[in-house]
Structures are given as structure tokens and as C-alpha cells.
Amino acid sequence: MSDMELVLRSAKVVTPDGTHPASVLVADGRIVAVAPYGTPAPDGARVEDFGDDVLLPGLVDTHVHVNDPGRTAWEGFASATRAAAAGGVTTLVDMPLNSVPPTTTVRALEAKRAVARRSAHVDIGFWGGAVPGNVADLRPLHDAGVLGFKAFLLPSGVDEFPPLAPDQLETALREIAGFGGLLIVHAEDPQLIDGAPAPVGPRYADFLASRPRAAENEAIAGVIALARGLDARIHVLHLSSADALPLIAAARREGVRVTVETCPHFLTLTAEEVPDGATEFKCCPPIREAANQDALWVGLAAGEIDCVVSDHSPCTADLKVDDFGRAWGGISSLQLGLPAVWTAARRRGHTLHDVARWMSTGPAALVGLDRKGAIEAGRDADFAVLAPDETFTVDPTALHHRNQVTAYAGRTLYGVVRSTWLRGRKIADHGAPTEPTGRLLERPSRL
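Keep in mind that what you see is a predicted model, and the values were worked out from it rather than measured.

1. Regarding the pattern of salt bridges
This structure, assessed with the given rule, holds 30 salt bridges. As a salt-bridge pair, lysine 372 and aspartate 123 come within 2.6 Å of each other at their nearest N and O atoms. With lysine 372 in the loop between α12 (352-366) and β15 (383-393) and aspartate 123 in strand β8 (residues 123-126), this pair connects stretches of sequence that are 249 residues apart. Of the two residues, lysine 372 and aspartate 123, neither departs from the other in class, the shared state being buried. The salt bridge involving aspartate 243 is made with arginine 213; its shortest N-O contact spans 3.3 Å. On the criterion of sequence distance, the pair formed by aspartate 243 in the loop between β12 (233-236) and α8 (245-253) and arginine 213 in helix α7 (residues 213-230) is long-range, its members being 30 residues apart. Within this structure, Arg30, Asp123, Arg371, Lys372, Asp380, Asp382 and Arg423 form a network of salt bridges that share partners.

2. Quick word on the packing of α7 against α8
In the contact formed by α7 and α8, the axes pass within 10 Å of each other and the chain directions differ by 10°. The angle between α7 and α8 falls in the class roughly parallel. Across from Asn217, Ile220, Ala221 and Ile224 in α7, the residues of α8 making contact are Leu247, Ile248 and Ala251. Here the contact of α7 with α8 is built from residues that sort into 6 nonpolar, 1 polar and no charged.

3. A word on the nonpolar core
If you look at the biggest cluster of nonpolar residues, it comprises 100 residues, and the most contacted ones within it are Leu56, Phe149, Leu183, Val355 and Trp358. Residues Phe161, Val367, Leu369 and Leu441 belong to the second largest nonpolar core, which totals 20 residues.

4. Notes on the sheet that holds β8
Taken in spatial order, the 3 strands line up as β6-β7-β8 in an open sheet, and their pairing is parallel. With partners counted over all chains shown, the strands left at the sheet margins are β6 (59-64) and β8, one partner each. Ignoring which end each strand starts from, the neighbouring axes of this sheet average 20° apart. Against the sheet, helix α2 (residues 106-117) touches β7 (89-94) and β8, its axis set at about 170° to β8.

Calculation notes
- Residue indices begin from 1 for each chain and proceed along its sequence in written order.
- Note on the predicted model: pLDDT of at least 70 is required for a residue's local features to be given, and 80 or more for side-chain atom pairs to be given and counted; whole-chain, interface and lining totals, by contrast, use all residues.
- Side-chain descriptors were evaluated using all non-hydrogen atoms of the structure, hydrogens and water having been removed beforehand.
- Each salt bridge in this description consists of a side-chain nitrogen of Lys or Arg and a carboxyl oxygen of Asp or Glu lying within 4 Å of one another.
- For the purposes of this entry, the term helix denotes a DSSP run of H or I that reaches at least four residues, the term strand denotes a run of E that reaches at least two, and both are numbered from the N terminus.
- For the exposure calls, accessible area comes from a 1.4 Å probe over protein chains only, and a residue counts as buried if that area is under 20% of its type's maximum, exposed if over 50%, partly exposed in between.
- Orientation is described by lines fitted to C-alpha atoms, with helices fitted over the stretch in contact, and by angles between N-to-C directions that extend from 0 to 180 degrees.
- Each angle is binned into one of four classes, with values under 35 degrees roughly parallel, values over 145 roughly antiparallel, values of 65 to 115 roughly perpendicular, and all other values oblique.
- Contacts are assigned to residue pairs that have any heavy atoms within 4.5 Å of one another.
- In this classification, Asp, Glu, Lys and Arg are treated as charged, Ala, Val, Leu, Ile, Met, Phe, Trp, Tyr, Cys and Pro as nonpolar, and every other residue, Gly included, as polar.
- Take the buried residues of types Ala, Val, Leu, Ile, Met, Phe, Trp, Tyr and Cys, join any two whose side-chain atoms come within 4.5 Å, and each joined set is a nonpolar core.
- Criterion used throughout: strands pair if DSSP finds at least two bridges between them.

In short, the description is geometric, and any link to function would need to be established separately.
Here it is as C-alpha cells:
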């Protein structure tokens, strides 16, 4: 152990085996060992002792809309990764849409990588997109290292990323299954949405009625049936309807390869508390009622939900007009996901070990990043240091997001991120990011 360059100690280190006092030994950016707290430091190693602050694995957020290049007024790799680092996120995966061009060809992927490479404060992976007419691009994108492919079943909100019709979805999934890829799906049924009342005006109740749970449930049933028939791997994005959980659980018991995520806003915000006109709360699918939220927590505790990721989808303030029918849909929360989820989790009797499993280990496993997601030997030395019992009130102007519009404004949250570490380097200290040192990630070759 003579080559140790860093030892991180805490009375509370969250490992796959539980939370306990430990010393984490780091060399060359990797965790070499997790040793008892009092283990003497090797000669020449620098020691950081965090006392009672908790040492967590760095968060892995697999659902982030960076919007760069093309819509950098909404966000961008520099601002998004600064926000991630300040919030304890050490790895994010960028969504293929809202950038111009969208990541639907290798050429577009390379354009995006060129922009990201210059300003990455955290490690970044990329999703590809499945859209009408790009079946021939899917295998090349896979070979170029994207972690999977996103598809919509209904309009995405931007014209350059259109949805797949049922026959197009089947063709794309057949192609993706042929090379062992992953399809991630925004699952809402377009016919049921079209048949619901149109959202017009400032009343949140009208918007909620326009995106019924049945639209999610029906769409999820459809993609499960398709995956079953093609022996394909699928992932359900941003689940808001808890009604779909029994369907997903039953499919898994049958051997269907389906996983599912939910988001901090579905676990922490409720329809009953959304003020009329407060379109910073608008997202699709929508924030639903408190009873539905309770059921999501039950599913999360039971292991029916695989991970919790942000679906950070920011925009400029002028797009959040006070009409739910016209406002851009998206919750801005990349920097706030950890304290938001921890605040709700502790109230429900969960631990930071649970939070680490949902927000780090689970997302890393989803995309096959086996060097991320846990504090154990062989993993990257990625950490978040959290003061779990300290609170702060969300001030949008203090966030690193490019646009300080968030549904969490004014909320008091538990969990102050003291520092964030990427491969053994401190990349944020008390909310202040350091110089960018992030790397661009590709799909592991075995996937």
C-alpha cells in the first residue's frame, strides 16, 4: 500500500455492506481498499477526515437534458456540470434531444462530444436517439459508445426529435435488440392524451387532467408486450403513475427485461400543493397526487423502482409562462436532487444507504458503468460528502444552473453537500466548483 496518495476518513462511510466508520484508500483515481477507520495512513498519503459528515458514493444521474449545442441559452455543459458537481453528482448522462442537432447520428454525437470535452466538471456519458428514419444510424451510434437509445411515443416538445409510430417503434427495438442495446422510453399513450381535455390556462388541475395516469399505464403495457415478443431490453423513463408498478413487477417475474426510474419531483412534490400559474412545476408526465406519491415510495422501498434520477429539463424563464398549456415542461433540479430526496426519505424512515442505492448504484448499473456507483475497491474514487442533519433554504440565484428557475425555490431541505470528489480530486468545495476535470464516457464494450 505504499503507492497510496489519499486517505478519506469518516465516521459514516456508505458502502454496499452498510454505513460504518472507515478509511477509504485511493491511488491513481481508484479506490484501492476500504479499511477500518483507525488504519494508519501509508507514508506520504494525504489524509482528509470528515468527522461525522457522511461519505457517499458520487451520484450518477442518467437523465439530464444539457441542451448543448444549439439551445445553450437553456443550459450547457459548463453550467450543467458545475451544478452537478455542487450537488454531489459525479457522473451524468446527457439526453439526445433539446440539443441541435439531436444525438441521432454519429456526426451529431461527435459534435456534442467536442463541446462537452471543453467544459466537463464531471464525467459525462451520452444517450442516442431513436427517431423516424434513423434505424440505419442505431448500430453505428452503439458502436460509437452511446449507452442506449431514447424514444418518444408522442411529441417530444421539439420538432427535431419526433416520436415513433407503433410500427417504427417495433422496427427500432428489433434493431436495438439485435445488437444487445437498451431502449429507454418516454411512455405516454398519444391517443389517450389526445382524448383528454386540452390544458389551457393557469389551473394546475386542468393540466393534470390532460395527462391521465391511464396514458402512462397503457403505454408501459405496450412497450412491455413489445419487449416480451422481441426479447429486448427496455427502460421506462420518469415513472409518475404508481398504478403501473404491478404491471412492471409482473413482467419481470415473467422474465421480461424491463427496468424503471422515477424522479425527485415525483417523490417530493404533490399536485395538491402546486399553485395555479406556477408552471415551474410543469413536467410530462406530471406531478401527481399525494396518494400516488405514497405508492411510489412503497414501490421504491420494495425494489420495484430501480433508480431515482433528475430528468433535469431546464429552459429560459420566458418559456415558463403562466399558462400550463403553453409553458415549457421540465423541472430544473440537477443540483438539488440529493437533498430533495434525502429530505423526503428521512421523513419516511429511509437511510442514506437507501439513497445511495437509488441515486448512485442503481443508475450506474442501468448503463453498465461498473467503475461508478459504490464505495468499494476497484471503483473510481468518486464521492459526495454530506452533512445530513444540516438544512438550507433553496435560493434560485445561488444555483449553478444557467437559468435560476426551479420548483424547489424557497423550500427548506436537509443535506448540505460539503464537497464532491471525482477520481480522488475535489471538484467542488462548499458549493464552489473547481476547474473542469471530467471525462467523456463510452458504453463498456461488453454491453
